[in-house]
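# Overview (structure and organization)
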Amino acid sequence: KNGSEYSPQRIPNSKEISAVRLDNSGLQRLYKYNINSGISEEIIPDLKVAYPLWYNDHVLFSAVIGENSLELVKSDLNNNLNNILEKDIGRSLHKIPHTNLISFISKKKMNWEILAVNTSTLSIDKISDVEGDYEDICWLTKEIVLMAKKNQIVQLTISKETVWREFVNKEQLNLKNISRISVSPDGKKIAIVGE
């Protein structure tokens, strides 16, 4: 009743859920919720988290609202440390399956790119160019990335292709303005948000 909640995720190795809460006052923070009592607690004070991604139960990568853009921030909750890794990023953060990499969209260049941060070294490398100004991706496997593109979903096999191709027939999909996609951990189901 005091605001809205977004991006719920189970915190790894716990029974708690995290969610971004935007209060009616305009305050936006990341909270954790006890699933039995519903009691909430702020996770990262003074950080305006917009899109979180849990790496493990104490390390969080998130797209944080900065002065002029979203910023990629690594938060170590055990040590209360927040490190800005990259500025001018998109909202789509994902673990690349069977790797220690987190992918994100960089909007620094005229042609957007998919980049990945190594969670151990924090080095950042380019994976691929993005076709147009689209920023919603997810990973089917460690080699195959999916991207929402208006009324379709396209795919790219990183090691073999440079051109995105249709993943699912757009006429069969019968959706437009697709804004989010996610693949189940076993890689057998896909969730799509669109009109």
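Cut-off values and rules
- Residues numbered from 1 in each chain as written.
- Predicted model: local features only at pLDDT ≥ 70, side-chain atom pairs only at ≥ 80, totals over all residues.
- Heavy atoms only, no water.
- Helix = DSSP H or I, 4+ residues; strand = E, 2+ residues; numbered from the N terminus.
- Rg over C-alpha atoms; globule rule 2.2 N^0.38 Å.
- Buried < 20%, exposed > 50% of the residue type's maximum accessible area, 1.4 Å probe, protein only.
- Contact = heavy atoms within 4.5 Å.
- Pairing = 2+ DSSP bridges.
- Axes fitted to C-alpha atoms, helices over the stretch in contact; angles between N-to-C directions.
- Phe/Tyr/Trp six-rings, centres within 6.5 Å; stacked < 30°, edge-to-face > 60°.
- Lys NZ or Arg CZ within 6 Å of the ring centre and 35° of its normal.
- Salt bridge = Lys/Arg side-chain N within 4 Å of Asp/Glu carboxyl O.
- Polar contact = N/O pair within 3.5 Å; in protein donor to acceptor, adjacent residues only side chain to side chain.

### Notes on the overall build of the protein
A tally of helices and strands in the protein yields one helix and 18 strands. Relative to its length of 195 residues, the protein is compact, with a C-alpha radius of gyration of 17 Å against a globular reference of 16 Å. Across its three principal directions, the C-alpha atoms of the protein cover 45 × 35 × 35 Å. Counting all 195 residues of the protein, 41% fall into the buried class. Excluding contacts between residues fewer than 6 apart, the proportion of contacts in the protein whose partners are at least 24 apart in sequence is 28%.

### So, the sheet that holds strand β1 (residues 3–10)
With antiparallel pairing, the four strands of this open sheet are ordered in space as β1-β2-β3-β4. Each edge of the open sheet is held by one strand with a lone partner, namely β1 and β4 (40–42). On average, adjacent strands in this sheet sit at an angle of 35 degrees to one another, irrespective of strand direction. Sheet analysis places β1 next to strand β2 (residues 16–23), joined by six bridges and oriented antiparallel. By the bridge assignment for β2, Arg10 is matched with Ile17.

### Structural notes on the sheet that holds strand β13 (residues 137–139)
The strands that make up a sheet pair up through hydrogen bonds in the backbone, lying either parallel or antiparallel. The four strands are arranged β13-β14-β15-β16 in an open sheet whose pairing can be described as antiparallel. Single-partner strands in this sheet number two, and they are β13 and β16 (165–168). Pairwise comparison of adjacent strand axes, ignoring direction, gives a mean angle of 35 degrees for this sheet.

### Here we look at the packing of aromatic side chains
Following the criterion strictly, the structure yields one aromatic pair and no others. Between Tyr55 and Phe61, the aromatic rings sit 6.3 Å apart at their centres with planes inclined by 85 degrees, giving edge-to-face as the arrangement. Under the relative-accessibility criterion, Tyr55 is labelled partly exposed at 29%. We classify Phe61 as buried; its relative accessible area is 0%. Above the plane of the ring of Tyr31 lies Arg21, whose end atom (NZ or CZ) is 3.6 Å from the centre.

### Observations concerning the pattern of salt bridges
In this structure the tally under the stated criterion is 13 salt bridges. In this structure, Glu113 engages Lys109 in a salt bridge whose closest nitrogen and oxygen atoms are separated by 3.4 Å. With a closest N to O distance of 2.6 Å, Arg165 and Glu161 form a salt bridge.

### Describing unusual backbone geometry
Backbone geometry places Lys150, a non-glycine residue, at a positive phi of 55 degrees. Summarising the element assignment, Lys150 is placed in the loop between β14 (144–149) and β15 (152–157). Despite not being glycine, Asn174 shows a phi value in the positive range, around 55 degrees. Take Asn174: it is sitting in the loop between α1 (170–173) and β17 (180–183).

### What to know about the side chain of Ser92
With respect to the helices and strands, the residue Ser92 is situated in the loop between β8 (81–89) and β9 (94–95). Judged by relative accessible area, which is 4%, Ser92 ranks as buried. Within the structure, Ser92 has its side chain in polar contact with the side chain of His94 (distance 3.0 Å). Residues in contact with Ser92, not counting those within four places in the same chain, are Ser103, Phe104, Ile105, Glu135, Asp136 and Ile137.

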